[in-house]
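Remarks on the overall topology
The residues making up each chain are set out below.
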Amino acid sequence: NLETFEKTFWEISTPTSANYLKFLSTDQVASTIGASDADLSSVQSWLKEAGGSDIVISSLRDAVSATFSSTASPSLKLGRNGVPHKETHPAGVEFIVRRDPLDADSNIRSGSTSM
């Protein structure tokens, strides 16, 4: 769908195009580049099973975030010295796992990098 999105981008940006300056709504962009309902449901279930809470899907449906207690998510481990690293959902969706710098209790936040 990224090819379709890029084509649309150039049509919106080209003065001679019939779609020039006909911008897309957030819902239209999400339907073009966002994850399917099935993929989002699968990722949400996976995050919940790993102990995630506060699960949020981005408005473009291309990122998911969840909060984990450092003791409640043994399957999502931090890299050495808290350096972010990748985890992979069974469907191939990659997540960045990192410490939340604003959380005094050292919670872990996991956000998708691609859907």
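Report follows, based on the coordinates. It should be emphasised that the depicted structure is a prediction, and the values quoted were computed from it without experimental measurement.

Brief notes about helix 2 (residues 26–33)
Two residues of an α-helix separated by three or four positions point the same way, owing to the 3.6 residues in each turn. Three or more residues of helix 2 are buried, namely Val29, Ala30 and Thr32. Relative to the axis of helix 2, the buried residues are bounded by an arc of 165° and lie together on one face. Opposite the buried face of helix 2, by more than 90 degrees, sit the exposed residues Asp27 and Ser31. Those residues of helix 2 that are buried are in contact with helix 1 (2–13).

Focus on the nonpolar core
Ala35, Leu40, Val43, Trp46, Leu47, Val64 and Ala66 together form the largest nonpolar core, which totals 7 residues. Counting only elements with at least two residues in this core, the list comes to helix 3 (37–49) and strand 2 (64–68). Ranked by residues supplied to this core, first place goes to helix 3 with 4 residues.

Thoughts on the packing of aromatic side chains
Under the counting rule described, the total for this entry stands at 1 aromatic pair. Ring centres of Phe9 and Trp10 lie 4.8 Å apart, and the angle between their planes is 80°; this geometry places the pair in the edge-to-face category.

Brief notes about the packing of helix 1 against helix 2
As a packed pair, helix 1 and helix 2 sit with axes 8 Å apart at the nearest point and diverge in direction by 140°. Overall, the two elements helix 1 and helix 2 adopt an arrangement that is oblique. Mapping the contact onto sequence places Leu2, Thr4 and Phe5 in helix 1 and Val29, Thr32 and Ile33 in helix 2. Partitioning the contact of helix 1 with helix 2 into residue classes produces 4 nonpolar, 2 polar and no charged.

Digging into the side chain of Thr32
Tracing the backbone through its elements, the reader meets Thr32 in helix 2. Excluding residues that lie within four positions of it along the chain, Thr32 makes contacts with Asn1, Thr4 and Phe5.

Description of the pattern of salt bridges
Counted under the stated rule, the structure contains 2 salt bridges. Across the pair Glu11 and Lys7 runs a salt bridge, and its minimum N-O distance is 2.9 Å. Separated by 4 residues within a single helix, Glu11 and Lys7 lie in helix 1, roughly one turn from each other. Taking relative accessible area as the criterion, Lys7 reaches 54% and is therefore assigned exposed. Arg61 is the salt-bridge partner of Asp37, the closest N and O atoms lying 2.5 Å from each other. Of this pair, Asp37 sits in helix 3 while Arg61 sits in the loop between strand 1 (53–57) and strand 2; the two residues are 24 residues apart in sequence, bridging distant segments of the chain.

As for unusual backbone geometry
Glycine aside, negative phi is the norm for most residues, and most peptide bonds take the trans geometry. One non-glycine residue, Leu21, lies in positive phi territory at about 60°. The exposure class of Leu21 is partly exposed, given its relative accessible area of 48%. Here Arg61, not a glycine, exhibits a phi torsion of approximately 60°, which is positive.

Definitions and cut-offs
Residues numbered from 1 in each chain as written. Predicted model: local features only at pLDDT ≥ 70, side-chain atom pairs only at ≥ 80, totals over all residues. Heavy atoms only, no water. Buried < 20%, exposed > 50% of the residue type's maximum accessible area, 1.4 Å probe, protein only. Helix = DSSP H or I, 4+ residues; strand = E, 2+ residues; numbered from the N terminus. Arc of directions from axis to C-beta. Contact = heavy atoms within 4.5 Å. Core = buried A, V, L, I, M, F, W, Y, C linked by side-chain atoms within 4.5 Å. Phe/Tyr/Trp six-rings, centres within 6.5 Å; stacked < 30°, edge-to-face > 60°. Axes fitted to C-alpha atoms, helices over the stretch in contact; angles between N-to-C directions. Parallel < 35°, antiparallel > 145°, perpendicular 65-115°, else oblique. Nonpolar A, V, L, I, M, F, W, Y, C, P; charged D, E, K, R; others polar. Salt bridge = Lys/Arg side-chain N within 4 Å of Asp/Glu carboxyl O.

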